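Observations on the three-dimensional arrangement
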Amino acid sequence: GDAGGAVHGLESDRAGVIRKSPARRLDEEPANTRPRRRAAHAAAAAGPAVAATHCRTMLPGGVPIAAGANGNGVGGDAPDDLELQRPRPTEKYWSDYRDWQTHHPSAIECFDRFRAAAVGKLLTVFLDYDGTISPIVSQPDRAFMSDEMRAAVRRVAALYPTAIISGRSREKVYDFVQIPELYYAGSHGLDIAGPVAAEDESVSLREMEFQPAPWAPLVMDAVYSACVEAITDIPGATVDHNKFCVSVHYRNCESKDWGRVKAVVDKCVAEDPARLKQAEGRKVFEVKPRVAWDKGKALSYLLGSLGLEGKIARGEVLSLYFGDDQTDEDAFHELMGFKSNTGCGVIVSSVPKPSNAVYSLRDPAEVLTFLNSIAELAEQGVTQGMRTVPSSGSSTAVNSM
C-alpha cells in the first residue's frame, strides 16, 4: 500500500544539521524536483517513439519496433523520429552531496523503507557493469569484479530474475562475470541472451529471438577499423569493438586531445548519418546504430520475455535498475513510466549529478551491500522469488506470498 512505499530523504538546514524529511512514497518526487520531472515527461510525450513505453503491445514487455523501410529497425534513409528521444536531466538542483541525497536518498540508509515497499513483491534486478558492480579503471580490459561481488550477484540471481545491461559487448561482459544464470544484454541492450537449462541441469546462454539491429555488426566492423586508424596519433586513445556499437575511450588522453577524439567519432557518424548516431559516457564517445532502442527498452523487453505481464499489471513486481552513467538514465526514465511503486532506479555515484533515479548508492561497495540485503529479503520470505532456469526450462515462482 501507500504506507509501504514511503522513503525518508535527508535535508540540511542552514546550520548544516542533517534532519529527516517527512516520509514520501517510493515513486513520489520531492516538491522542488516535480516541475523538472513534469517537464521531462512533457518532452517525452512529444516524441512518438517515447510515447509507447511500458506494457504496450508488439513485443514482450511492451516494446515497440521502430521499423524502417526494410523492417529491421532502420531503412536506407532512416528518419530521426525512429530514435528514442528521451529527455535527460541536465540542470543542477542541489548545493552539495547531502542536499543531492534529499532527491536521491541512500538506498542503504533508507533500506527499512525500501523493505516495506518490497514486501510480497517479486524483485527483478538489472545491473550496469562498469562503475556499478566493477570499479572504473584506466584500462577497460582490467575492469574485474571482485569475488565478493560475483558471489553476491550469483546469490541474487538464484532468487530473482537478474540481468546485466552494459555498453560492452555481451561476450566481454560474460567473460568478466562468468555466471550463466544471468540474462546478458550487451551493446546497450542491442544484443541479448538468456540462460537455458539442459537435461543434465547445466546452464548455458541462448540468444533472444528479437534483435533490434541485426545489420549493425557488419557496419560496426567498418567503423571500428576507421576509428582505430584515425586515433593512431592520439596518445592514450583506445577503441573497443562491442559488436553492435563502437566505443572510443579518451580516459587516458590529455585534455587537449579530447576534442581530437570527438572529431574522429563525429567524422564516422557524418559519413553514414542514416544508420549511425553517437553518444557519450564517462570519458568515452560511442558510435551506435540509429534505432529506437536503449537500455530502458532492453529492460522492458526482458520483463516481457519472463512472462511477468500479469504480475506487473497487479503491482506484484518491483523492478530495480542500478547504473552510474548517462546511458543508464534511459533505464531510469523507462522505470519512471511504470505504475506506482513498481519501478525504481538506483544511481551509483559518489558525486552529485542530474538523474531520474529514485535512490542512490555511492560506489560498487555499497551496491554489494545492497544486493546481499535484497537477497536476504527473499531468503527470509519477505519478497517473492523466481527461478529463471529450472531443469524444465520454464520460469517458476517460489516463496509466493
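The paragraphs below set out a description of the structure included in this document. (Residues numbered from 1 in each chain as written. Predicted model: local features only at pLDDT ≥ 70, side-chain atom pairs only at ≥ 80, totals over all residues. Heavy atoms only, no water.)

1. Things to note about helix H11 (residues 328-336)
Quick note on the threshold: We call a residue buried when its accessible area falls under 20% of the maximum for its residue type, exposed when it is over 50%, and partly exposed in between, using a 1.4 Å probe and counting protein chains only. Helix numbers and strand numbers start at the N terminus; a helix is a DSSP run of H or I with at least 4 residues, a strand a run of E with at least 2.
Summarising burial for H11: eight of the nine residues are buried, a large majority. When H11 is considered as a whole, its buried residues turn out to be Asp328, Glu329, Asp330, Ala331, Phe332, His333, Glu334 and Leu335.

2. Describing the pattern of salt bridges
Filter applied, for reference: The salt bridge definition used is simple: a Lys or Arg side-chain nitrogen within 4 Å of an Asp or Glu carboxyl oxygen.
Scanning all chains against the criterion turns up 24 salt bridges. With a shortest N-O distance of 3.4 Å, Arg98 and Glu109 are connected by a salt bridge. Placement of the pair is Arg98 in helix H3 (residues 97-103) and Glu109 in the loop between H3 and helix H4 (111-118), with a sequence separation of 11 residues. Between Asp257 and Arg260 there is a salt bridge, with the nearest N and O atoms lying 3.3 Å from each other. What emerges from the salt-bridge pattern is a single network uniting Arg170, Glu171, Asp191, Glu207 and Lys243.

3. With respect to the side chain of His249
Stated precisely, the cut-off is as follows: Under this definition, polar contacts are N or O atom pairs within 3.5 Å; protein pairs additionally need one hydrogen-donor-capable and one acceptor-capable atom, and for neighbouring residues in sequence, both atoms have to be side-chain atoms. Here a residue-residue contact requires only that any non-hydrogen atoms of the pair lie within 4.5 Å.
Its location among the elements puts His249 in strand S11 (residues 246-249). Side-chain polar atoms of His249 contact the side chain of Asp240, separated by 3.1 Å. Those residues within four positions of His249 in sequence are excluded, and the remaining contacts are Pro140, Gly236, Ala237, Thr238, Asp240, Lys283 and Val284.

4. A few points about the packing of aromatic side chains
The criterion, for reference: Working definition: a ring pair exists when centres of Phe, Tyr or Trp rings (six-membered ring for Trp) sit within 6.5 Å. Plane angles under 30 degrees give stacked, over 60 give edge-to-face, the rest tilted.
Per the stated rule, a full pass over the model turns up 16 aromatic pairs. Linked through ring pairs, Phe111, Phe114, Phe322, Tyr359 and Phe370 together constitute an aromatic cluster.

5. Notes on the packing of helix H9 (residues 295-305) against H11
The criterion, for reference: The axes are straight lines fitted to the C-alpha atoms, using for helices just the contacting stretch, and the angles between their N-to-C directions are given from 0 to 180°. Working definition: roughly parallel below 35 degrees, roughly antiparallel above 145 degrees, roughly perpendicular at 65 to 115 degrees, and oblique for all remaining angles.
Their axes nearest at 6 Å, the elements H9 and H11 cross at an angle of 50 degrees. Comparing their axes, H11 and H9 come out oblique. Between H9 and H11, the contacting residues are Lys295, Gly296, Lys297, Leu299 and Ser300 on the first element and Asp328, Asp330, Ala331, Glu334 and Leu335 on the second.

6. A word on the nonpolar core
Worth spelling out the cut-off: We define a nonpolar core as any set of buried Ala, Val, Leu, Ile, Met, Phe, Trp, Tyr and Cys residues linked to one another through side-chain atoms lying within 4.5 Å.
Ranked by internal contacts, the top residues of the largest apolar core, which has 100 residues, are Phe114, Tyr160, Val177, Leu371 and Ile374. It is helix H12 (residues 364-379) that provides the largest number of residues to this core, a total of seven residues. For Val177, the contacting residues outside a window of four places in its chain are Tyr129, Met145, Arg150, Ile164, Leu182 and Tyr184.

7. Some details on the sheet that holds strand S16 (residues 359-361)
Operational definition: A pair of strands is treated as paired once DSSP finds two or more bridges between them.
Spatially, eight strands are ordered S9-S8-S7-S6-S5-S14-S15-S16 in an open sheet, and the strand pairing comes out mixed. Pairing within the sheet leaves two strands with one partner each, and these edge strands are strand S9 (203-207) and S16. Neighbour-to-neighbour, the strand axes of the sheet open up by a mean angle of 20 degrees, direction not taken into account. Pairing of strand S5 (residues 122-127) with strand S14 (residues 317-323) involves six bridges; the strand directions are parallel.

8. Structural notes on the sheet that holds S11
Taken together, four strands build an open sheet; the order of strands is S10-S11-S13-S12 and the sheet is antiparallel. The open sheet terminates on both sides in strands that have one partner only, identified here as strand S10 (238-241) and strand S12 (276-281). Each neighbouring strand pair of the sheet contributes to a mean axis angle of 20 degrees, computed without reference to strand direction. Pairing of S10 with S11 involves four bridges; the strand directions are antiparallel. Across the sheet, Val239 pairs through a bridge with Val248, a residue of S11. Against the sheet, helix H7 (residues 216-230) engages S10, S11, S12 and strand S13 (284-289), with an angle of about 165 degrees to S10.

9. What to know about the pairing of strand S7 (residues 183-186)
Along any regular strand the residues' side chains alternate between the sheet's two faces. Cut-off, in case you're wondering: By convention, orient the strands away from the viewer: a clockwise path from the first strand over the helix to the second makes the crossover right-handed.
Of the two faces of S7, the one carrying Tyr183 and Ala185 and the one carrying Tyr184 and Gly186 are both buried. Here three bridges tie strand S6 (residues 162-165) to S7, and the two strands are oriented parallel to one another. Each bridged residue has a counterpart across the sheet, and for Ile164 the counterpart in S7 is Tyr184. Once the chain exits S6 it traverses helix H6 (residues 170-177) before rejoining the sheet at S7, and the crossover so formed is right-handed. Summarising the sheet, S7 and strand S8 (residues 191-197) pair through three bridges and their orientation is antiparallel. When the bridges of S8 are listed, Gly186 appears paired with Asp191.

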